[in-house]
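In case you want the letters, here they are:
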Amino acid sequence: MTSQQPSSAQQVLVSTQAQTFWLQWVEAAFPDLDSRAYFLPPVYFNRVPMTRQSVVGQDVLVLQSLQSTQQTPSGQPGQTKQSTTSTHTSQSTGQSKSRKAGKTKRSTPSTQPRQSNQPAMTTTTAAWGSIPQPRCVVYSDVRDDVAMQRVLVCLQQMSERTGEVMFGLSQLQFGQYLGEPCYAAEAAQLPLPANLPSALPRNWKHGDFDVLFIHRHYGFVICEVKAVGDNLSKLNLSQQEEENIIRAKLQQAVSQLDKAEAMLSHLVSDIAPGLRITKTIAVPNLTGHQVQQAISGDIQLTQDLCRCLGTTDPADIAALCLCCDQLSDPKTPWDVSSHVLRELGHWWQGRVAGAGPDSRMTPGVYKTLVARFCGPATSVIVPCISPPRVSVKTLGQAVWWTGECYTAVITLFPEQVHLLHTAPPTLFVAGPPGTGKTVVLLLMAIEWLRSNNEVCILSTWQRSAASCTMLYHLLQQILKTQLSAIASPTKLHFLQYNFGNKSSFEKAVSDVLQMASGGSLHIVADEAAPADKQYFRDFCKELETRVPHLYMWAASYFTDHAPAGWQVGEFRRPLRSPPAVVREVTKGQEISQARNVKPYVSRRVPDPTDGPQVRLVSHESPSHSPRTSSDCEECGREVASILQELGVGAPVTATSSAPTTISFSSSGSVAPPCLQWRDVLVLFWRNLSENSGVVTGLRKAGIPVKVMKDDDIEDVATARSDVVWAALGDCVQGLERKVVVCLETKTSPTARLHNMSRCTAQLVNVA
């Protein structure tokens, strides 16, 4: 804006222009806003307990189990068989300030976005700069997140089943409403949290909506979520003490709902005064019977709840609350059964839909409200610890951010840090995909280079070429950016062989022995699991016999490929993919049936998010080719539609730019960048050609797809070209992408293990 004071007419014009732009923005970002439900953010992001440490000169975030943050790694899942030395990690010193009574401010580690032309494992300090120490996450934070996520998952699936038309926002702070600095002048013309009527207490300016629904027909629904009840049985309390706790939480919820209702009425007073506001309380860890029993002896609380929930009959109170009776099992919150959906539907009808449509909620009012609460001027913040705050609204943004949470910063479990500190000379790291094996090899290689040793990256067969190529290029980058004053680029070597035959094995032994300098060798071998594992074992034995000081770390899915006498580190806690992906990988026969790969164990630490729902494309539909999905052009078109919905490769559009008629200053929060084509892999298990149906379908839809050939490995491993690569899953082991499309899952015996495990965010299954 100009420095001159604008006239009232100019202010009205600018405000009108801004609101028109906000409406255009939401229409572009949410094209089906008139016909379906949207949730902001589209997936729920948790607070994760972790600390920052320096490991081999790199900033590393170390995940901490809240139940055992002071314990040693000994005996934890993933602990190496020979390692017993304890490692104590520093605790975060920054305390979370209370965001309101009984709740804590949401925070989790975050940093600046990675350069988009880098592969998923470019997680070094050189690319990111110093990582701030994470704020302290306490047990109550985790309890709140678990409860909130369970409520949202159930409501989201209910809305999909019933076809509700609404927007659901979670954890929206009052101050975030129209709070983006670049829209301050425009927002100043409208009711804001800072400008409360004199009748309302000043301290009501601060607070949040746990869950806020803007419904196309029923107006607003505000839900206050209370995690009370999940640990009452462990506290050895009397029944009276338990009921006192429940009553206190319910009384607190009433107060918070009254405050939220008053604030909401104020914010929309210029749009639709008197618009219906329905209030409810979610207690996902309590049954309706527990709620009714707890309030039965408290007359004042009963009266307050009746008033708040809009009933004259105290017997209705429990039914108007959302209890565990209507929600999924807390052990499997993502599994929302038909029974749960039915019970949830009864609750929705009784609490929300039963009153019928609100005549004030016209189509124009609905769109205006969505533009205000969900448009560019209002931030929908996900947990982070340092500016800029990240605002996630669209599914594409949520997919991008999910991938960043898992791969953008080096993150390890304490036992892995302990392993790097103890640094045994020879180590075989084994475990299912996405457990941090490659990351640990990378860090060990960095440590060897820091000590000015020559390091060899060794690919032992075709399936290890991609991951070893990626490691080699990452280490080259680190040598140039971090270690240029310590180590020469000539200290790093890359050797490729195929241990499937004797001649290649013998050549590898000869070549590597020639590299031994002063009787020492430093070797990293990722995906070291050739079909004939005996050649790999013989190779290691030969080196141990002839090299006095052998330092070699290797990794594989398979524990039984370890050379005799070597220390084995078993990594089995999932680290690099969200649970939605891990659950699909676990169904693979190598893990679930044959047990060739040891199964995952519990993380015992919250995941950043459960991840986006797996997208399914059914090749059995009548419009599809009778041949395989790889030969089906319609499958290609449907996959292309999903990629377009996610905004992959999208240029700057109305969803990310401002109209030229209004000048804007810098924003207080940032939206994640658009997904790029290089963020996508299409994986198959049989031959695919440039003329295959699925490739043709993708290209006709405007997707720049290329079929990977042998000489493309370096390009794919480094994510150099901004294209969608279609590749054999076996040829990209060790690589990761935010979006992975798996073809012919049902007919491939290894698709889940090798293909799905490459995904760090959005999995698309074509079956």
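Keep in mind that this is a model prediction, so the values were computed, not measured.

**What about the overall build of the protein chain?**
Then step 1. A tally of helices and strands in the protein chain yields 22 helices and 25 strands.
Then step 2. Among the 767 residues that make up the protein chain, the fraction classed as buried is 59%.
Then step 3. Relative to all contacts within the protein chain whose residues are 6 or more apart in sequence, the contacts with residues 24 or more apart total 79%.

**Observations concerning the sheet that holds strand E13 (residues 426-430)**
Then step 1. The parallel open sheet is built from six strands, whose spatial order is E15-E14-E16-E17-E13-E18. What marks the edges here is a single partner per strand, and that holds for strand E15 (492-496) and strand E18 (567-570). With strand direction ignored, the average angle separating the axes of adjacent strands in the sheet is 20°.
Then step 2. The strands touched by helix H16 (residues 533-546) within the sheet are E13, strand E14 (455-459), strand E16 (520-525) and strand E17 (549-556), with E17 carrying the most contacts at an inclination of about 165°.

**Some remarks on the pairing of E15**
Then step 1. Looking at chain direction, E14 and E15 are connected through five bridges and run parallel. For isoleucine 457, the partnering residue across the bridge sits in E15 and is phenylalanine 494.
Then step 2. Regarding the hand of the β-α-β motif, the stretch spanning E14, helix H14 (residues 465-481) and E15 is right-handed.

**Brief notes about the environment of proline 201**
Then step 1. By secondary structure assignment, the location of proline 201 is in the loop between helix H4 (184-187) and strand E7 (208-215).
Then step 2. With relative accessibility at 37%, the residue proline 201 sits in the partly exposed group.
Then step 3. Measuring from C-alpha to C-alpha, the distance between proline 201 and lysine 259 comes to 9.5 Å, with 58 residues separating the pair along the chain.

**Some details on the environment of glycine 310**
Then step 1. Residue placement: glycine 310 occurs in the loop between helix H7 (299-309) and helix H8 (317-320).
Then step 2. Glycine 310 gets classed as exposed once you look at its relative accessible area, which sits at 61%.

**Some points on the nonpolar core**
Then step 1. Membership of the largest hydrophobic core comes to 76 residues, with the highest contact counts inside it found for Leu412, Ile457 and Trp553.
Then step 2. If we skip the residues at most four places from it in the chain, isoleucine 457 touches Cys468, Leu471, Tyr472, Leu475, Leu492, His493, Phe494, Leu495 and Val524.

**A few points about helix H11 (residues 395-407)**
Then step 1. For H11, spanning 13 residues, the distance from its first C-alpha to its last is 18 Å, which sits close to the expected 18 Å at 1.5 Å a residue.
Then step 2. In terms of burial, H11 is largely enclosed, as eleven of its 13 residues are buried.
Then step 3. Considered for burial, the residues of H11 that qualify are Gly396, Gln397, Ala398, Val399, Trp400, Trp401, Thr402, Gly403, Glu404, Tyr406 and Thr407.

**Brief notes about unusual backbone geometry**
Then step 1. In this model, leucine 40 is joined to proline 41 through a cis peptide bond whose omega is -10°.
Then step 2. Topologically, proline 41 is positioned in the loop between strand E1 (38-40) and strand E2 (50-55).
Then step 3. One non-glycine residue with positive phi stands out, namely valine 56, at about 45°.
Then step 4. Relative to the elements of secondary structure, valine 56 occurs in the loop between E2 and strand E3 (58-63).
Then step 5. Positive phi, normally seen in glycine, also occurs at asparagine 236, with a value near 55°.
Then step 6. Within the secondary structure layout, asparagine 236 lies in the loop between strand E8 (219-225) and helix H5 (239-267).

**So, the packing of H5 against helix H6 (residues 288-295)**
Then step 1. It is the contact of H5 with H6, at a shortest axis distance of 9 Å, that shows an interaxial angle of 95°. It follows from the interaxial angle that H5 and H6 lie roughly perpendicular. For the pair H5 and H6, contact is made by Gln239, Glu243, Ile246, Arg247 and Leu250 and by Val291, Gln293, Ala294 and Ile295, respectively.
Then step 2. The residue makeup of the contact of H5 with H6, split by class, is five nonpolar, two polar and two charged.

**Observations regarding the side chain of serine 467**
Then step 1. Within the secondary structure, serine 467 is located in helix H14.
Then step 2. Within polar-contact distance, the side chain of serine 467 engages the side chain of aspartate 526 at 3.4 Å.
Then step 3. Contact partners of serine 467, with chain neighbours within four places excluded, come to Asp526, Glu527, Gln733, Gly734 and Leu735.

**Focus: the pattern of salt bridges**
Then step 1. If you walk through the whole model with that rule in mind, you get 34 salt bridges.
Then step 2. In this structure, arginine 450 and glutamate 447 form a salt bridge, with 2.8 Å as the shortest nitrogen-oxygen distance. Residue arginine 450 and its partner glutamate 447 are both found in helix H13 (residues 437-450); the two are separated by three residues, about one turn of the helix.
Then step 3. Classification of glutamate 447 by relative accessible area gives partly exposed; the value is 24%.
Then step 4. With its nearest N and O atoms 2.7 Å apart, the salt bridge here joins lysine 598 to glutamate 570. Of this pair, lysine 598 sits in the loop between helix H18 (589-592) and strand E19 (615-617) while glutamate 570 sits in strand E18; the two residues are 28 residues apart in sequence, bridging distant segments of the chain.
Then step 5. On the accessibility criterion, lysine 598 (32% relative accessible area) is partly exposed.
Then step 6. Taken together, the shared-partner salt bridges in this structure form one network comprising Asp258, Glu261, Lys279 and Arg307.

**Notes on helix H10 (residues 363-374)**
Then step 1. With twelve residues, H10 extends 16 Å from end C-alpha to end C-alpha; this agrees with the ideal 16 Å at 1.5 Å per step.
Then step 2. Among all positions in H10, only Val365, Tyr366, Leu369, Val370, Ala371, Arg372, Phe373 and Cys374 are buried.

Conventions we followed
- Residues numbered from 1 in each chain as written.
- Predicted model: local features only at pLDDT ≥ 70, side-chain atom pairs only at ≥ 80, totals over all residues.
- Heavy atoms only, no water.
- Helix = DSSP H or I, 4+ residues; strand = E, 2+ residues; numbered from the N terminus.
- Buried < 20%, exposed > 50% of the residue type's maximum accessible area, 1.4 Å probe, protein only.
- Contact = heavy atoms within 4.5 Å.
- Pairing = 2+ DSSP bridges.
- Axes fitted to C-alpha atoms, helices over the stretch in contact; angles between N-to-C directions.
- Right-handed = clockwise from strand over helix to strand, strands pointing away.
- Core = buried A, V, L, I, M, F, W, Y, C linked by side-chain atoms within 4.5 Å.
- Expected span 1.5 Å × (residues − 1).
- Parallel < 35°, antiparallel > 145°, perpendicular 65-115°, else oblique.
- Nonpolar A, V, L, I, M, F, W, Y, C, P; charged D, E, K, R; others polar.
- Polar contact = N/O pair within 3.5 Å; in protein donor to acceptor, adjacent residues only side chain to side chain.
- Salt bridge = Lys/Arg side-chain N within 4 Å of Asp/Glu carboxyl O.

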